[in-house]
Amino acid sequence: MAQMTVEVVGKQFVRKYYKMCSDEPENLYRFYQNESQLVYGEGSGEVEPVTGIEGIKSKINSRGCKGAEFNIASGTLDAQPTMNNGVMVMVTGTITKKDDQARQFVQSFFLAPQEKNPKSFFVLNDTFRIVETPAVVISSYASTNGAAAAPAAPAAAPAAPKVEEKPKAAWGGAKPAAAPAPAAAPAAAEEPA
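What comes next is a walk through the structure. Small disclaimer: the values here were computed from a predicted structure and weren't measured.

A short note on the overall build of the chain
Part 1 of the argument: Regarding its fold elements, the chain presents three helices and six strands.
Part 2 of the argument: Written out in order from the N terminus, the α and β elements of the chain read α-β-β-α-β-β-β-β-α.
Part 3 of the argument: Going through the 193 residues of the chain one by one, you find that 33% of them count as buried.
Part 4 of the argument: Sequence separation of 24 or more characterises 57% of the internal contacts of the chain that already satisfy a separation of 6 or more.

Below is the structure:
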């Protein structure tokens with residue numbers, strides 16, 4: 001079997017992931033392993049990552065995505081090779097949950113090769129964020145398209161809150177390994193076990 005490009009791996013993964021997210025969210029944890037981390041947030045608030053299968057199962061089940069429609073055809077899908085034959089995938093699109101309006105989202109995945117089968121991947125890192133559209137953008141869009149404009153933004157923005165940096169150890173990050181010699185592109189993602 002010929003090796004596939006990272007773009008094909010990314011597209012196959014995304015198709016399977018969002019189908020399962022909508023049809024069988026209770027089984028979505030199968031894409032992850034115990035060392036996996038997931039962040040799920042809405043708007044600009046800070047969110048702590050969830051680590052491990054049980055925490056990820058709980059977070060996935062709390063999202064209420066059963067029956068949701070993920071529209072990535074109106075968004076983007078980008079995939080890049082990473083060191084150690086992993087694949088970085090970034091997706092933008094809209095999600096429409098049952099009895100709700102469509103909302104924009106961005107999601108990034110780091111797909112790591114499985115130890116026992118390096119041609120198969122698992123989600124090591126997953127960051128999902130619902131993106132809130134600022135009123136200024138809506139106002140600008142409305143005024144350029146002849147619609148009634150939303151109220152203007154205040155003349156002076158309030159001072160941004162001071163952000164304290166967290167120690168890197170709090171994120172569970174390990175030191176990156178030395179970059180390996182270039183390798184062939186990873187093969188297709190397999191169905192989760």
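Side note on empty space enclosed by the protein
Part 1 of the argument: Summed over the entire model, instances satisfying the criterion amount to two cavities of 30 Å³ or more.
Part 2 of the argument: A volume near 30 Å³ is recorded for the second largest cavity.
Part 3 of the argument: Tyr40, Glu42, Ile95, Lys97, Asp100, Arg103 and Ile130 are the residues that line the second largest cavity.
Part 4 of the argument: Its residues assigned to classes, the lining of the second largest cavity shows three nonpolar, no polar and four charged.

Focus on the nonpolar core
When a protein is soluble and globular, its nonpolar side chains tend to lie buried together.
Part 1 of the argument: One finds Tyr32, Phe109 and Leu111 to be the most contacted residues of the largest nonpolar core, which totals 32 residues.
Part 2 of the argument: Mapped by element, the contributors of at least two residues to this core are helix H1 (6-23), strand E1 (32-42), helix H2 (53-62), strand E3 (69-81), strand E4 (87-96), strand E5 (103-113) and strand E6 (121-131).
Part 3 of the argument: Considering every element that reaches this core, the biggest residue donor is H1, with eight residues.
Part 4 of the argument: In this view, Phe109 contacts Phe13, Tyr17, Tyr18, Val87, Met88, Val89, Val91, Val123, Asn125 and Asp126; residues no more than four positions away in its chain are not counted.

Observations concerning the sheet that holds strand E2 (residues 50-51)
Part 1 of the argument: With mixed pairing, six strands are arranged side by side in an open sheet as E2-E1-E6-E5-E4-E3. Looking along the sheet, the strands with just one partner apiece sit at the ends: E2 and E3.
Part 2 of the argument: Of the pairings in the sheet, the one linking E1 to E2 comprises two bridges and is antiparallel in character. Each residue of the ladder has a partner; that of Gln37, found in E2, is Thr51.
Part 3 of the argument: Docked against the sheet, H1 engages E1, E3, E4, E5 and E6, running at close to 145° with respect to E3.
Part 4 of the argument: Against the sheet, H2 engages E1 and E2, with an angle of about 30° to E1.

Thresholds applied
- Residues numbered from 1 in each chain as written.
- Predicted model: local features only at pLDDT ≥ 70, side-chain atom pairs only at ≥ 80, totals over all residues.
- Heavy atoms only, no water.
- Helix = DSSP H or I, 4+ residues; strand = E, 2+ residues; numbered from the N terminus.
- Buried < 20%, exposed > 50% of the residue type's maximum accessible area, 1.4 Å probe, protein only.
- Contact = heavy atoms within 4.5 Å.
- 1 Å grid on protein atoms, 1.4 Å probe; cavity = no way out; pocket = protein on both sides within 12 Å on 5 of 7 lines; lining within 4 Å.
- Points joined across faces, edges and corners; volume = space filled by probe spheres on them.
- Nonpolar A, V, L, I, M, F, W, Y, C, P; charged D, E, K, R; others polar.
- Core = buried A, V, L, I, M, F, W, Y, C linked by side-chain atoms within 4.5 Å.
- Pairing = 2+ DSSP bridges.
- Axes fitted to C-alpha atoms, helices over the stretch in contact; angles between N-to-C directions.

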